[in-house]
Amino acid sequence: VYSCCYLNRRLNQLSSHDPLWKRHCKKYWLTSEEEKSQRNQSWKSIFISTYSDLGRYIRYYATLKKAWDDLEKYLGQRCPRMIGSLKESVREEDLDAVEAQIGCKLPDDYRCSFRIHNGQKLVVPGLMGSMALSNHYRSEDLLDIDTAAGGFQQRLGLKQCLPLTFCIHTGLSQYMALEPVEGRNKYEIFYQCPDQLARNPSAIDMFITGTSYLEWFTSYVNKVVTGVYPIIRDQIFRYVHDKECVATTGDITVSVSTSFLPELSSVHPPHYFFTYRIRIEMSKDALPEKACQLDSRYWRITNAKGDVEEVQGPGVVGEFPIISPGRVYEYTSCTTFSTTSGYMEGYYTFHCLYYKDKFFNVTIPRFHMVCPTFKVSTARMETNHNEYAVDEDEDSTDTDEYEDRRRVLDIPAPSGRCPRHT
């Protein structure tokens, strides 16, 4: 008995040893030394009090808290007004009330994120990224819990789906499936894509953007804080740049980044809309007499079937930019494919300003565009497929004639759909 008592006393002493709790506080709650000093509590007390509040989220809290902290720090230095749109955390009872309201359980990783920040106000720019073309603009807000609950869907096609984001210009949302119905996986995140050929309004295809809230949110944050998504005029633009997608001709370098636009795309009929952002830069070490002006463009566009279209035309975006040492010219354009992927390549023709009869071509590197994973509506699959015969031989289209007519850094916030030039 004495040995047991002694053993229990030693275990109690060991379990109360504060340095042991320090490790757990830092690992699970990201508690800093400064925060401990401000709270004036032992590490054990901090761990226990935090666990009593957030214990159900111990698997997710550190990952999501770090993501939020990294995002706030990064945006605080580059677009602080976006930080001002974030809302404070919500309470457990608030999340419980939403579950009772919608009649569905919220996943713990989603709940955990809202214990850190309750989304953002409905403002522009949105935290979840923007996209702009000459007459099309999208900026997605991360919805607060009450607004999300108000948009919870019970209609066919989006049954038991909760909106995570919303764009006030296009009405576009990313939804999370709270139950595995209508062909969706539980907690799958997607853009809705109405089947334009179906007579049934519940025929909604899906472009998949995530398999869980944790994966969806942290992967997005990683792209932002690592600079994969550029910050342009205080907005996050969801362009992706392939580091190998760069070509240098003499002193001029051309690089390309691309993005898929779900709101202008459809699965039925097959119409996949991409935008690309091109950067043309002359080396700052180039000689002054290397200054030149862009005259024309040539594109070779190839879809997944191997069909090729060639397009040639004057200038870009209606402009004939002059490139000189150290100068950068950027613009955006768009193209569509009737196949789920394709690529573009080509060249610009320049003439020298000092030797007006001297012309040369500058290579545009090949860049690939691939539609994200999508799922076909179960409502469509249950109907007669003969009703929806689709001609997939439609050519892709270069829309330089409708490219943004200003540099990408000066893009306004227009509305409406991007026109398609055939």
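Residues numbered from 1 in each chain as written. Predicted model: local features only at pLDDT ≥ 70, side-chain atom pairs only at ≥ 80, totals over all residues. Heavy atoms only, no water.

- The name given to the protein chain in an unreviewed UniProt entry is F-box only protein 3, with the source organism recorded as Psophia crepitans.
- Listed under Subcellular location (unreviewed entry) in UniProt, the entry text for the protein chain is "Nucleus". (UniProt positions renumbered as here; feature names shortened; annotations may be inferred.)

## Points about the overall build of the protein chain
So, step 1. A count of helical and extended segments in the protein chain gives 11 helices and 21 strands.
So, step 2. The buried share of the protein chain, reckoned over its 422 residues, is 49%.
So, step 3. If you take every contact in the protein chain between residues at least 6 apart in sequence, the share linking residues at least 24 apart comes to 65%.
So, step 4. Carbon and sulfur atoms provide 49% of the accessible area of the protein chain, an area that totals close to 19800 Å². (Helix = DSSP H or I, 4+ residues; strand = E, 2+ residues; numbered from the N terminus. Buried < 20%, exposed > 50% of the residue type's maximum accessible area, 1.4 Å probe, protein only. Contact = heavy atoms within 4.5 Å. Areas by Shrake-Rupley, 256 points an atom, 1.4 Å probe, with all protein chains shown as cover.)

## Quick notes on the nonpolar core
So, step 1. Ranked by size, the top nonpolar core spans 50 residues in total, and within it Leu75, Leu106, Tyr110, Leu127, Tyr213 and Phe217 carry the most contacts.
So, step 2. Listed by contribution, the elements that provide at least two residues to this core are helix 2 (18–29), helix 4 (43–54), helix 5 (61–78), helix 7 (92–102), helix 8 (108–114), helix 9 (145–150) and helix 10 (213–225).
So, step 3. Setting aside its immediate chain neighbours within four residues, Leu127 contacts Trp68, Leu71, Leu75, Met82, Leu86, Gln120, Glu140, Asp141, Leu142, Tyr220 and Ile236.
So, step 4. In this structure, Cys167, Cys193, Cys245 and Ile323 belong to the second largest nonpolar core, which totals 37 residues. (Core = buried A, V, L, I, M, F, W, Y, C linked by side-chain atoms within 4.5 Å.)

## Here's the deal with the confidence of the model for the protein chain
So, step 1. Here the protein chain shows a mean pLDDT of 88. Residues at 70 or above account for 87%.
So, step 2. Low pLDDT (under 50) marks residues 384–396, which in the prediction has 27 contacts with non-local residues, meaning those over four places away or in another chain. (pLDDT = per-residue confidence, 0-100.)

## A short note on the packing of aromatic side chains
So, step 1. Inspection of every chain in the model, using the stated rule, returns 23 aromatic pairs.
So, step 2. Aromatic side chains Tyr213 and Phe217 sit 5.8 Å apart centroid to centroid with 5 degrees between the ring planes, which places their arrangement in the stacked category. Of this pair, Tyr213 and Phe217 both sit in helix 10, separated by 4 residues, roughly a single helical turn. Residue Tyr213 shares its accessibility class with Phe217, and that shared class is buried.
So, step 3. For the ring pair Tyr220 and Tyr229, a centre distance of 5.8 Å and an interplane angle of 50 degrees mean the geometry is tilted.
So, step 4. Owing to a relative accessible area of 7%, Tyr220 belongs among the buried residues under this scheme.
So, step 5. According to the relative accessible area criterion, Tyr229 is buried, its value standing at 10%.
So, step 6. By the ring-pair criterion, three or more aromatic residues cluster together here, those being Trp68, Tyr110, Phe114, Tyr213, Trp216 and Phe217. (Phe/Tyr/Trp six-rings, centres within 6.5 Å; stacked < 30°, edge-to-face > 60°.)

## Topic: the layout of surface pockets
So, step 1. Approximately 630 Å³ is the volume found for the largest pocket.
So, step 2. Along the walls of the largest pocket sit 25 residues, with Lys223, Tyr229, Arg238, Val240 and Pro372 positioned nearest its centre.
So, step 3. For the lining of the largest pocket, the secondary-structure elements that each account for two or more residues are strand 8 (204–210), helix 10, strand 12 (252–260) and strand 19 (359–370).
So, step 4. With 5 residues, helix 10 is the largest single contributor of residues to the lining of the largest pocket.
So, step 5. Of the residues belonging to the lining of the largest pocket, the class tally is 15 nonpolar, 6 polar and 4 charged.
So, step 6. Two domains share the lining of the largest pocket, each providing at least three of its residues, namely domain 2 (60–226) and domain 3 (242–373). (1 Å grid on protein atoms, 1.4 Å probe; cavity = no way out; pocket = protein on both sides within 12 Å on 5 of 7 lines; lining within 4 Å. Points joined across faces, edges and corners; volume = space filled by probe spheres on them. Nonpolar A, V, L, I, M, F, W, Y, C, P; charged D, E, K, R; others polar. Domains from an automatic or database assignment.)

## As for the sheet that holds strand 20 (residues 374–375)
So, step 1. Here 5 strands make up an open sheet; going across it, the order is 4-6-7-8-20 and the pairing antiparallel. Either end of the sheet is taken by a strand with one partner, and the two such strands are strand 4 (161–163) and strand 20.
So, step 2. When strand 6 (residues 174–177) meets strand 7 (residues 189–194), the two strands line up antiparallel, connected through 3 bridges. Within strand 7, the position partnered with Gln174 by the bridge is Tyr191.
So, step 3. Against the sheet, helix 10 engages strand 6, strand 7 and strand 8, with an angle of about 65 degrees to strand 8. (Pairing = 2+ DSSP bridges. Axes fitted to C-alpha atoms, helices over the stretch in contact; angles between N-to-C directions.)

## Considering the environment of Val308
So, step 1. Mapped onto the fold, Val308 is located in strand 15 (residues 308–314).
So, step 2. Considered as a pair, Val308 and Gly342 are 34 residues apart in the sequence and their alpha carbons are 9.9 Å apart.
So, step 3. Ignoring anything within four residues of it in the chain, the contact list for Val308 reads Arg300, Ile301 and Thr302.

## Looking at the pairing of strand 19
So, step 1. As defined by bridge partners, strand 18 (residues 341–352) adjoins strand 19 across 10 bridges and the pair is classed as antiparallel. Bridge pairing links Tyr348 to Val362 in strand 19.

## Thoughts on the pattern of salt bridges
So, step 1. Counting across every chain of the model gives 26 salt bridges.
So, step 2. A salt bridge links Glu35 to Arg39, with the shortest nitrogen-to-oxygen separation between them at 3.7 Å. Taken together, the residues Glu35 and Arg39, both in helix 3 (residues 33–39) and 4 residues apart, mark about one turn of the helix.
So, step 3. Residues Asp94 and Arg91 are paired through a salt bridge, measuring 3.1 Å at the closest nitrogen-oxygen approach.
So, step 4. Looking at Asp94, the relative accessible area reads 27%, which means it is partly exposed.
So, step 5. Via salt bridges that share partners, Asp53, Arg56, Glu92, Asp96, Glu99, Lys105, Asp108, Arg111 and Arg115 belong to a single interconnected network. (Salt bridge = Lys/Arg side-chain N within 4 Å of Asp/Glu carboxyl O.)

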